[in-house]
Amino acid sequence: MRLTEQQVRSMYGQDVQDRSGAKIGSVGQVWADPSGEATWVSVKTGVMGHHESMAPLQAARMQQDGRLQVQYDKATVRSAPSVETGTNQPLSTEQLAELYRHYQIREQAAPPQKKPGAPEVTRSEERLRVGTESEPAGAARLSKRVVTENVQTTVPVEHDEVTVVHEPILDADRGNVRAGIGEEQREMELRAEHPVVGKDQVPVERVRLNKDEVVEEQPVNAQVRRELVDADVPDRARRKR
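Residues numbered from 1 in each chain as written. Predicted model: local features only at pLDDT ≥ 70, side-chain atom pairs only at ≥ 80, totals over all residues. Heavy atoms only, no water.

Looking now at the layout of surface pockets. Approximately 940 Å³ is the volume attributed to the largest pocket. Around the largest pocket, the lining comprises 24 residues; the ones closest to its centre are Val-147, Glu-149, Lys-199, Asp-200 and Gln-201. Of the residues assigned to the lining of the largest pocket, the class counts are 12 nonpolar, 6 polar and 6 charged. Lining of the second largest pocket is provided by 13 residues; of these, Gly-131, Thr-132, Glu-133, Glu-216 and Gln-218 occupy positions nearest its centre. Looking at the lining of the second largest pocket residue by residue, the class counts come to 6 nonpolar, 4 polar and 3 charged. (1 Å grid on protein atoms, 1.4 Å probe; cavity = no way out; pocket = protein on both sides within 12 Å on 5 of 7 lines; lining within 4 Å. Points joined across faces, edges and corners; volume = space filled by probe spheres on them. Nonpolar A, V, L, I, M, F, W, Y, C, P; charged D, E, K, R; others polar.)

Here we come to the nonpolar core. With 29 residues, the main nonpolar core has Trp-40, Leu-68 and Tyr-103 as its most contacted residues. Mapped by element, the contributors of at least two residues to this core are helix H1 (5-11), strand E2 (23-32), strand E3 (38-44), strand E4 (51-56) and helix H3 (93-103). (Core = buried A, V, L, I, M, F, W, Y, C linked by side-chain atoms within 4.5 Å. Buried < 20%, exposed > 50% of the residue type's maximum accessible area, 1.4 Å probe, protein only. Helix = DSSP H or I, 4+ residues; strand = E, 2+ residues; numbered from the N terminus.)

Where charged atoms from two side chains of opposite charge approach closely, those side chains can pair. A full pass over the atoms with the stated rule returns 10 salt bridges. The salt bridge involving Asp-65 is made with Arg-67; its shortest N-O contact spans 2.6 Å. A relative accessible area of 31% means that Arg-67 is categorised as partly exposed. Residue Glu-125 is joined to Arg-127 by a salt bridge in which the shortest nitrogen-to-oxygen separation is 2.6 Å. One network of salt bridges, in which partners are shared, links Glu-158, Arg-191 and Glu-193. (Salt bridge = Lys/Arg side-chain N within 4 Å of Asp/Glu carboxyl O.)

Attention now goes to the pairing of E2. A large share of E2 lies buried, amounting to 9 of its 10 residues. Direction of pairing for strand E1 (residues 15-17) relative to E2: antiparallel, over a ladder of 3 bridges. Bridge pairing links Gln-17 to Lys-23 in E2. In sequence, E1 turns back onto E2 through a hairpin of 5 residues, with Gly-21 there showing a positive phi of about 95 degrees. Of the pairings in the sheet, the one linking E2 to E3 comprises 6 bridges and is antiparallel in character. Its bridge partner lying in E3, Trp-31 is registered against Trp-40. Where E2 folds back on E3, the antiparallel hairpin that results is connected by 5 residues, among which Gly-36 adopts a positive phi of roughly 95 degrees. (Pairing = 2+ DSSP bridges.)

See the structure below:
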């Protein structure tokens, strides 16, 4: 496809379609052969960072709306050898050999040169990247200690009490009771209970520590830098909008 100088300059930034009409990316840079004919373009696909895939202009067509349609499918172009964005270097012999092999086209004699495009600068800015990192925040411990406390309770106890009973002997019973005067002593064993305290050690509960992760929002303040681009264009040359 032979293009005029004006067509080449207008090509920068235009959409690039594959042979089915699907968008591949946009034109980044243009290379020409020694005669000045545009032969290769780099395509910004948005998937290779600072690299652009190369595509041949052989059999390519310029649409009326300015879009460029190449005669290869999207996968072939996106997997093609790439160049760095903004490079000013001509394509080397090794690069061309890789491209010819990839697109299965006949190799040319001289490497194409990069054609000048519209003046441009790359504007950069800093983006805030906020993350988290873990750090020690103290330790939780379980400690067991012994305390003494008074416990009051009651317990029933028994004891013997003695009552003196006087029972008169009737006349009818006197014949069966031997009479005698003298000292005599009889004993009765008495019994009494008293409280006895014992202690048993029994388990009463389990105590453990549980840890839950709690997510909360904390404000982050930081300064980022960005570039501004000022265009110094004479009033006569400035396009009226």
